[in-house]
Amino acid sequence: QKDFLNIHDPYVKLHHCGRDFYEIGCKTELSHKQILDTGLPRWICPIEHRWPSHPDAKDFAERAAQGLIKKFGMAAKLNVVVSPTPELRNVAAHVRARLNQLFCDLKKSTSGDLTDNTANDRQLGSTLTALIYRKGVLAGITKNMTDTGSPFDAGLGFLSAKEEQNKVSRAAGKILEVLSLLKSVNIDCNDLNNWLELGAAPGGMTQALVLAGASVTAVDLANLKPELLKNENVTHLKVHSDEITTAKSYSALLSDMNGPSELAVSTVARLIKTMKPGAVIVHTLKVQDFESIKSAVSLATHSFEMNGAQVILVRHLFHNRKELTIIAVRR
């Protein structure tokens with residue numbers, strides 16, 4: 001995994017904190033962009049506070065929350081406390097509840113007069129994230145969603161109750177993340193009102209796009225959910241993706257096709273040539289293993305750019321598995 005960072009530092013260390021959480025240590029300073037450009041992180045946060053203590057220790061939640069308030073005060077707009085292991089999630093919930101209570105007390109005591117430098121440095125969207133794991137607490141502040149690499153607080157793919165109710169599959173979660181990412185790079189999703197979707201079945205992404213106000217031409221030999229076929233904004237073309245010859249009438253192209261990644265990339269690249277300038281391309285790049293990611297991303301990026309697109313984001317989304325999402329714009 002160190003190879004993905006593209007740095008020559010023998011002191012890079014990766015410490016596993018549980019599940020998908022890793023602490024990266026390095027003598028060479030790594031920028032957020034440098035780490036995000038690897039495509040692997042779902043979310044990143046600098047470690048600015050470390051408190052070694054076992055979560056089973058007496059008064060852990062109280063002491064952890066007090067330490068966070070002492071270190072960060074009101075430096076963040078939002079406080080998020082997470083844990084990579086199920087058995088510690090209750091502990092994390094208690095820490096967050098106490099942290100928010102202390103935060104409110106601190107806010108009342110200032111009476112809205114924020115005179116300290118830390119408070120004055122607050123930015124809209126800044127988030128304090130604390131990780132509760134088996135060895136204690138790691139915490140830091142990200143100033144905005146661009147730095148975190150995720151459109152969601154703490155990068156955990158939190159969806160609103162309405163979004164959770166409306167999504168019909170994991171795929172729906174992916175496109176909801178994509179729509180939020182597009183907003184973060186100043187792409188107006190209201191302009192993306194006509195989508196061509198390749199590999200649409202069973203229709204999770206289709207439904208999410210329609211609920212967002214778009215019309216969708218869904219291409220797949222397999223069937224869509226019956227309720228989607230009743231929607232006037234959904235057109236189902238029961239053909240192979242290779243039979244689609246042009247995408248010039250669409251403002252966005254979405255591909256979530258299964259099968260060999262090279263064939264999927266070739267199909268998308270062929271259609272990119274037919275699209276109008278400003279059209280958005282969203283492609284799910286399937287990989288067999290993470291060792292092949294670097295070459296697969298390089299091949300896809302080269303192919304898309306040779307056919308007139310500029311790749312702007314490569315992300316391993318919360319709802320991705322052995323796949324990455326590539327977002328590009330037709331030049």
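Numbering of residues starts from 1 in every chain and runs along the sequence as written. Reporting in this predicted model follows two pLDDT cut-offs: at least 70 for local features of residues, and 80 or more for side-chain atom pairs to be given and counted; totals over whole chains, interfaces and linings ignore these cut-offs and use all residues. Calculation of side-chain values draws on the structure's entire complement of heavy atoms; hydrogens and water are dropped beforehand.

A. Looking closely at the pairing of strand 5 (residues 127-133). Burial status follows relative accessibility: with a 1.4 Å probe on protein chains alone, a residue under 20% of its type maximum counts as buried, one over 50% as exposed, and anything between as partly exposed. Strands here are runs of E lasting at least two residues and helices are runs of H or I lasting at least four, both read from the DSSP assignment and numbered beginning at the N terminus. When you tally the buried positions in strand 5, you get 7 out of 7 residues, the bulk of the element. Side chains of strand 5 alternate between two faces, with Thr-127, Thr-129, Leu-131 and Tyr-133 and Leu-128, Ala-130 and Ile-132 buried alike. DSSP-based pairing: two strands are paired if at least 2 bridges between them are found. Pairing geometry for strand 4 (residues 78-82) and strand 5, over 5 bridges, is parallel. Bridge pairing in strand 5 places Leu-78 opposite Thr-127. Judged from the 7 bridges that link them, strand 5 and strand 6 (residues 136-142) form a sheet pairing that is antiparallel. In the strand pairing of strand 6, Thr-127 is matched with Thr-142.

B. Just helix 2 (residues 60-72), in detail. If you check helix 2, its first and last C-alpha atoms are 18 Å apart, about what 13 residues at 1.5 Å a residue would give, namely 18 Å. By the burial criterion, the buried members of helix 2 are Phe-60, Ala-64, Ala-65, Leu-68, Ile-69 and Phe-72. Buried residues of helix 2, viewed axially, fall in a sector of 160°; they line one side. Just past helix 2, the residue Gly-73 takes up positive phi, approximately 55°. Here, expected helix span is obtained from the residue count minus one, scaled by 1.5 Å. This arc is built from the directions going out from the helix axis to the C-beta atoms.

C. Broad picture of the packing of aromatic side chains. Geometry of aromatic contacts follows a simple scheme: Phe, Tyr and Trp rings, the Trp one being its six-membered ring, pair when their centres are within 6.5 Å, and the pair is stacked under 30 degrees between planes, edge-to-face over 60, tilted otherwise. Going through the model one piece at a time under the given rule, you end up with 2 aromatic pairs. Their ring planes at 25° and their centres at 5.3 Å tell us that Trp-51 and Phe-60 sit as a pair that is stacked. Note on accessibility: Trp-51 and Phe-60 belong to one class, buried.

D. Layout of unusual backbone geometry. For the peptide bond that leads from Ala-201 to Pro-202, omega is 5°, which places it in the cis range. Inspection of the secondary structure puts Pro-202 in the loop between strand 7 (194-198) and helix 8 (204-211). Although it is not a glycine, Arg-19 sits at a positive phi angle of roughly 55°. Turning to its location among the elements, Arg-19 is positioned in the loop between strand 1 (13-18) and strand 2 (21-25).

E. Local environment of the pattern of salt bridges. Here a salt bridge means any side-chain nitrogen of Lys or Arg lying within 4 Å of a carboxyl oxygen belonging to Asp or Glu. Enumeration according to the criterion identifies 8 salt bridges in this entry. Residues Arg-42 and Asp-20 are paired through a salt bridge, measuring 3.1 Å at the closest nitrogen-oxygen approach. Taken together, the residues Arg-42 in the loop between helix 1 (32-36) and strand 3 (49-52) and Asp-20 in the loop between strand 1 and strand 2 connect sequence positions 22 residues apart. Between Lys-286 and Glu-323 there is a salt bridge, and its shortest N-O distance comes to 3.1 Å. Remark: Glu-323 occurs in strand 13 (residues 323-330) and Lys-286 occurs in strand 11 (residues 280-286); sequence separation between them is 37 residues. On the basis of relative accessible area, Glu-323 is assigned to the buried category, the value being 4%. Counted as one network, the salt bridges with shared partners bring together Arg-170, Lys-174, Asp-256, Lys-286 and Glu-323.

F. Quick peek at the environment of Ile-312. By the secondary structure assignment, Ile-312 is in strand 12 (residues 309-315). In this structure, the C-alpha to C-alpha distance between Ile-312 and Ile-327, residues 15 residues apart in sequence, is 5.9 Å. We call two residues in contact whenever any of their non-hydrogen atoms come within 4.5 Å of each other. Ignoring anything within four residues of it in the chain, the contact list for Ile-312 reads Val-185, Ile-187, Ile-327, Ala-328 and Val-329.

G. Quick peek at the side chain of Asn-320. Considering the arrangement of structural elements, one finds Asn-320 in the loop between strand 12 and strand 13. Residue classification places Asn-320 among the buried residues on the basis of a relative accessible area of 2%. Here Leu-317 takes part through its backbone nitrogen, which lies 2.8 Å from a polar atom of the side chain of Asn-320. One polar contact links Asn-320 to Thr-325, side chain to side chain, over a distance of 3.3 Å. Polar contact criterion, stated in full: a pair of N or O atoms within 3.5 Å, where within protein one must be able to donate a hydrogen and the other to accept it, and residues adjacent in sequence count only if both atoms are side-chain atoms.

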